[in-house]
Amino acid sequence: MENTKTDGKEEEEEESVVFEIPLGDAAETFNLEKAVCSHGLFMMSPNHWDPLSLTFSRPLRLSLSDSDPQVSTPTTSLFVSISHPPHLPRSLSVRVYGTRCLSPKHQESLVAQVVRMLRLSETDERNAREFRKIAEAAAAEENNSWLTGFGGRVFRSPTLFEDMVKCILLCNCQWPRTLSMARALCELQCELQCKSSGVFVAQAVNATVKNKCNDTAHNFIPNTSAGKESKRNIRASKVTKNLASKIVETETLLEADANLKTDSAHIGRETLESVENDSCARCSSRHGSDSWAPDSLQSQHGIQPGVNKMICNFPSPRELANLDESFLAKRCNLGYRAIRIIKLAQSIVEGRIPLREVEEDCANGASSSCYNKLADQFRQIDGFGPFTCANVLMCMGFYHIIPTDSETVRHLKQVHAKKSTIQTVQRDVEEIYGKYAPFQFLAYWAELWHFYEKRFGKLSEIPTSDYKLITASNMRSKGGQKNKRTKRC
């Protein structure tokens, strides 16, 4: 493990620790760019892919107790960047910022999260190899070279909980809003950290109002045509009331509350800057950005976080479990998803959904019996319908079931000339991709990803500001009939 720092005034800024993760058998075919940029999850906060340095970065939590790292408290996070430099063909280089050293336990926790995200376990490598064999045979017959180029790895989150929440965000929602909700949850996590500093109200309302201004200016969040969604605007004074009711009143909070009672119609940029200066100086939220890289310097190592910046991670179950439903719904624009996420977090914190045991049960292979058992359990979770269940199980390594929705229907119509409907699509995908069993999803996703890149260009090279443009509606042929957006969550 390497400890690096610079001399003089920049010593604190660039302080970091570097260690390597051996790739083992995966070294022969592993490609970091393909492993990361293989699913829309890589575009969702707090993930950040740098196409110039070919570096992936995001905050990762340190496990500070023997309990489940997805639930444990305190939830300390450090900013981590991952690269695959040419001089280390058989290892990944992991740089951890903001620390002089890592204990063996902390390093082990970080390694486990990186291995999960990039699917580097022995089971994942075995699946990737078996899929490539099937894909090579099929490509030789059908001349589909893009099928073998996919790699057989689909990016996922460092924890199952984050995957579960993001799969909820994917359901019944347009892609730009999914990105926005994920970003808002990360902003909220930063605000929750500021709460312990006694300035949570000022920072939270600043983030809410500033985020609302950005969304209005850029027309970032489209209206979702679902009756469940609230259409009402959020007044700054009302947000203040909701927040203040959850926090012990201190002199700092009262002062922030007084400042926030100003008529919302007169809140402008100068006011926002004033509130921000009076709030947590360590919080650094990149509002209006789809990635979650903090204010940084570009270097040979990719993204570097600035000095004294609070790391904004995806919230943990414990951080979400005690939040008020209406506050979470409005703060992150989640609508009806808020109560589902809170109930999920509560079930995990209270031990009714043991995530570690769930993942360990299928660690040695994704059998159909294990899939059926988990699917039955997940269907008991509020908001986990067929689409969400299949997506979560895909993240866990089950590839024989394809999560189907209106985007699948569009793809089959456009590429395979199928007259699919939401009722018949499951039968149709089995007919088309059944020959790739037990990796039907990987074949389907490789094909779908190929056509997205054919339309938009290499997705790993697209700037983060354009992520919101990678939508199903932009994939439809000109003059084609627009499919009704329907997802059976």
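Parameters at a glance
Within every chain, residues take consecutive numbers counted from 1 along the sequence as written. With the structure being a predicted model, the display of local features is reserved for residues of pLDDT at least 70 and the display and counting of side-chain atom pairs for 80 or more, all residues being used for whole-chain, interface and lining totals. Hydrogens are left out, water is left out, and the side-chain values use all remaining heavy atoms of the structure. Numbering of helices and strands runs from the N terminus; a helix is a DSSP stretch of H or I covering at least four residues, while a strand is a stretch of E covering at least two. Accessibility here uses a 1.4 Å probe with only protein chains present; expressed as a share of the type maximum, an area under 20% marks a residue as buried, one over 50% as exposed, and anything in between as partly exposed. Working rule for contacts: check all heavy atoms of both residues, and any pair within 4.5 Å makes them a contact. All accessible-area figures derive from a Shrake-Rupley calculation using a 1.4 Å probe, and residue coverage is judged against the displayed protein chains alone. Definition used for salt bridges: Asp or Glu carboxyl oxygen within 4 Å of a side-chain nitrogen of Lys or Arg. As a rule, the C-alpha atoms of each element are fitted with a line to give its axis, helices using only the stretch in contact, and angles between N-to-C directions run from 0 to 180 degrees. Throughout, a crossing is termed right-handed when the near helix is turned clockwise from the far one, and left-handed when it is turned anticlockwise from it by less than a right angle.

The protein chain is annotated in an unreviewed UniProt entry as HhH-GPD domain-containing protein of Populus trichocarpa.

Concerning the overall build of the protein chain
Within the protein chain, the secondary structure is distributed over 19 helices and eight strands. Expressed as a percentage of the 489 residues in the protein chain, the buried residues total 55%. At a minimum sequence separation of 6, the contacts of the protein chain that also span at least 24 residues come to 72%. For the protein chain, the exposed surface amounts to about 21,900 Å²; the carbon and sulfur share of it is 48%.

Notes on the pattern of salt bridges
What the rule picks out here adds up to 21 salt bridges. A salt bridge links Lys-343 to Asp-382, with the nearest nitrogen and oxygen atoms 3.8 Å apart. With Lys-343 in helix α13 (residues 337-349) and Asp-382 in the loop between α15 (368-378) and α16 (386-395), this pair connects stretches of sequence that are 39 residues apart. The salt bridge partner of Glu-350 is Arg-352, with a shortest N-O separation of 2.4 Å. Comparing Glu-350 with Arg-352 shows no difference in burial state: the two are exposed. Residues joined in a network through salt bridges with shared partners are Glu-28, Glu-125, Arg-129, Arg-132 and Arg-153.

Some words on unusual backbone geometry
Along the chain, Ser-45 connects to Pro-46 via a cis peptide bond; the corresponding omega equals 10°. Topologically, Pro-46 is positioned in the loop between α1 (32-36) and β3 (48-50). The linkage connecting Ala-437 with the following residue, Pro-438, adopts the cis geometry, with an omega of 5°. Position of Pro-438 relative to the elements: it lies in the loop between α18 (425-433) and α19 (440-456). Not every positive phi belongs to a glycine, and Leu-54 is a case in point at roughly 55°. By the secondary structure assignment, Leu-54 is in the loop between β3 and β4 (55-61). Even without being a glycine, Asn-172 presents a positive backbone phi close to 55°. Along the chain, the position of Asn-172 falls in the loop between α5 (160-170) and α6 (175-195). A relative accessible area of 18% means that Asn-172 is categorised as buried.

What to know about the packing of α5 against α16
At their nearest, the axes of α5 and α16 sit 9 Å apart, and the two run at 145° to each other. Here the hand of the crossing between α5 and α16 comes out right-handed. Contacts between α5 and α16 involve Leu-160, Asp-163, Met-164, Cys-167, Ile-168 and Leu-170 from the former and Phe-387, Thr-388, Asn-391, Val-392 and Cys-395 from the latter.

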